[in-house]
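A closer look at the structure
The lines below spell out each chain.
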Amino acid sequence: MLICEELFLLLTKDSGKPESRMTYPVYGLTGALLTDLLLAGRISLTEERSPRIYIVSSEPTGNPVLDRALEILPTKDGKRFSSLVAWGKLNPTRHIAESLEAAGVVRIHTGGLFGSLNPSYPTLDPVPERQLRARIDGALRGVQPPTGADIALLSILQALGVAQVVLPQQETGLSRGELKRRIKEIAGENPVGRAVQRAVEAVTMAIVSTASTGALASSS
């Protein structure tokens, strides 16, 4: 499962509603999507503090979520990572939902007066998210080494300001402050590939900077 798909599950209740009334969930999903593309070898990041993205290859990956992004990204070749996180056309929410629905994990519900504009995604198969949460819990408790995906997910949740909501104390045994410190420890102490490290840094910076300035999702 892609990192952006895992993040989607964490940000969505079993009822299909958002876990939290966060301000910029799309920024997190887009940042996770770009991380997936980086790990798939389709884009690269410069070494600047605010890195630029360059297309390495537009060859399809076979994954519809990634391949849809690859169709439109060439027009933004060389742009800042932060601007792409806030670029509305790259918003992967609908495509992630369609992918998870095709896999039988969620259902796209568009009932009600404004359902087509504000769909919900009730869970059909809870097993993937349970396994995901068990994996993250093991990383937080130090009983298993965190994966690159774990580090990316935890860092994005923290940047969005919803880590404590998505990973409550009754589940992790960690208070808000303890969870924040633990995520920082995991991100800083565990060796991961340079690509993951750069992506995590870029996503976190982009979310914080775009949210703090109130950037519109359609900005370029």
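Up top is the structure.
Counting of residues starts from 1 at the beginning of each chain's written sequence and follows it residue by residue. Local features in a predicted model are, by the rule used here, given only for residues with pLDDT of at least 70; side-chain atom pairs are given and counted only at 80 or more, and totals for whole chains, interfaces and linings are based on all residues. Water and hydrogen atoms play no part in the side-chain values, which are based on all heavy atoms of the structure.

Topic: the side chain of Thr46
Defined as follows: Helix and strand definitions here come from DSSP, where helices need a minimum of 4 consecutive H or I residues and strands a minimum of 2 consecutive E residues; each element is numbered from the N-terminal end. N or O atoms closer than or at 3.5 Å make up a polar contact, with two conditions inside protein: a donor-capable atom paired with an acceptor-capable one, and, for residues adjacent in sequence, both atoms drawn from side chains. Contact between two residues is taken to exist if any of their heavy atoms lie within 4.5 Å; hydrogens are not considered.
Topologically, Thr46 is positioned in the loop between strand E1 (43-45) and strand E2 (53-55). In terms of polar contacts, Thr46 uses its side chain to reach the backbone amide nitrogen of Arg52, at 2.9 Å. With sequence-adjacent residues up to four places away left out, Thr46 is seen in contact with Pro51, Arg52, Tyr54 and Arg198.

As for the pattern of salt bridges
To keep it simple, the criterion reads: When a carboxyl oxygen of Asp or Glu lies within 4 Å of a side-chain nitrogen of Lys or Arg, that pair is called a salt bridge. Throughout this description, buried means an accessible area under 20% of the type-specific maximum (1.4 Å probe, protein chains only), exposed means over 50%, and partly exposed covers the range between.
Here the structure, examined in full by the defined rule, presents nine salt bridges. Notably, a salt bridge pairs Glu48 with Arg80, separated by 3.0 Å at the nearest N-O pair. Taken together, the residues span a long stretch of sequence, with Glu48 in the loop between E1 and E2 and Arg80 in the loop between helix H3 (64-72) and helix H4 (81-85) at a distance of 32 residues. Owing to a relative accessible area of 28%, Arg80 belongs among the partly exposed residues under this scheme. Two residues, Glu185 and Arg182, come together in a salt bridge whose shortest N-O distance is 3.2 Å.

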